[in-house]
Amino acid sequence: RALCTVWEEAEEELAEGADEAARREVLGRAAARDIMGQLLNRGFQCSLGDFLEQTHATMTDPLTRATLVMEGGGAAALTVERLGVYLEALAAAWFDTGIRAQLDAFRSGLAESLPLSALPLLGPEEWSSMLCGERRIEWDRDSLLQHIKLVSNDQGAKFTKESAAFCMLVEELVRMGNQDRARFLDFVTACPRLPPGGLGSLGMEVAPAAGPSPYPRSRTCTKLMFLPAYQTQEELSERLHAALANSREGGFHEHNS
């Protein structure tokens, strides 16, 4: 993002028909721009030119490490002068030629389910909701009590809707903002969105946890969360959010507990 910002500002000046001397001046200002302090809000200063030089930046994709521009048998060095070429190549890799095979495969698979001529019948937001689920995660206390299924664990223990730990879980879920709700869904179901139909279509289950671990754990293949019998709301909140924070690294899922 910082590279794009610097280059967009430089392009605005260069688009006015600047000669070679003016071009060098514009690129010099771009190279001197403090990208760390001003653009990335870091606690130190570092110019774009120094950053590219000191990190030995090359014209490679930062996600896949694929070479975007070759030079001398390897990836070309990334300089301020080459910034525009690099950003164009990166945009093509991310949004055009680099994903063309995946888009073609997606279209082919989709065409097996419905004619592509039917796609304009719905808008992008409607297709996104149908295929990917709802971005906005809506639930309240009544819907959680209605749609979360309470099941027995391997020892035969089972919560009721009056169980203290389950009531505290519902209270915590109601308090959560959309981002934490998405993290919770991802932890329990491996998907950070509700399916079409909302909570009623999810089929989430909760069972008492067994064993000494103080953290909840999940079995994502069956959308089941094992919940310890917490004594206070504060304890549940602390342990649950710790589990959510570690879920991306595989922590507190069943196979790692």
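Details of the structure are given in the entry above.
Residues numbered from 1 in each chain as written. Predicted model: local features only at pLDDT ≥ 70, side-chain atom pairs only at ≥ 80, totals over all residues. Heavy atoms only, no water.

(A) Summary view of the environment of Arg-1. Within the secondary structure, Arg-1 is located in the segment before α1 (2–14). Spatially, the C-alpha atom of Arg-1 lies 9.0 Å from that of Leu-40, the residues being 39 residues apart in sequence. (Helix = DSSP H or I, 4+ residues; strand = E, 2+ residues; numbered from the N terminus.)

(B) How the structure looks around the environment of Ala-32. Among the structural elements, Ala-32 can be located in helix α2 (residues 20–32). For the pair formed by Ala-32 and Ser-237, sequence separation is 205 residues and the distance between their alpha carbons is 47 Å.

(C) Structural context of helix α10 (residues 178–189). End to end, α10 covers 16 Å across 12 residues, agreeing with the expected 16 Å (1.5 Å per residue, within 8%). Of all the positions in α10, only Arg-181, Ala-182, Phe-184, Leu-185, Asp-186, Phe-187, Val-188 and Thr-189 are classed as buried. Buried residues in α10 make contact with α9 (164–175), β5 (217–219), β6 (224–227) and α11 (233–246). With its phi angle positive at about 70°, Ala-190 sits one or two positions after the end of α10. (Expected span 1.5 Å × (residues − 1). Buried < 20%, exposed > 50% of the residue type's maximum accessible area, 1.4 Å probe, protein only. Contact = heavy atoms within 4.5 Å.)

(D) Focus on the pairing of strand β4 (residues 205–208). Here β4 shows no split at all, with Glu-205 and Ala-207 on one side and Val-206 and Pro-208 on the other all buried. Two strands pair when backbone bridges link them, and strand β3 (residues 149–150) and β4 are joined in this way by two bridges, in the parallel orientation. What sits directly across from Lys-149, in β4, is Glu-205. Across four bridges, β4 lies against β6 in parallel orientation. Bridging across to β6, Pro-208 finds its partner in Leu-227. (Pairing = 2+ DSSP bridges.)

(E) Structural context of the pattern of salt bridges. A full pass over the atoms with the stated rule returns seven salt bridges. Across the pair Arg-136 and Glu-138 runs a salt bridge whose closest N-O atoms are separated by 3.4 Å. With respect to class, Arg-136 is no different from Glu-138; both count as exposed. Glu-171 is the salt-bridge partner of Arg-175, the closest N and O atoms lying 3.4 Å from each other. Placement of both Arg-175 and Glu-171 in helix α9 is noted, with a separation of four residues, approximately one turn of the helix. The exposure class of Arg-175 is exposed, given its relative accessible area of 54%. (Salt bridge = Lys/Arg side-chain N within 4 Å of Asp/Glu carboxyl O.)

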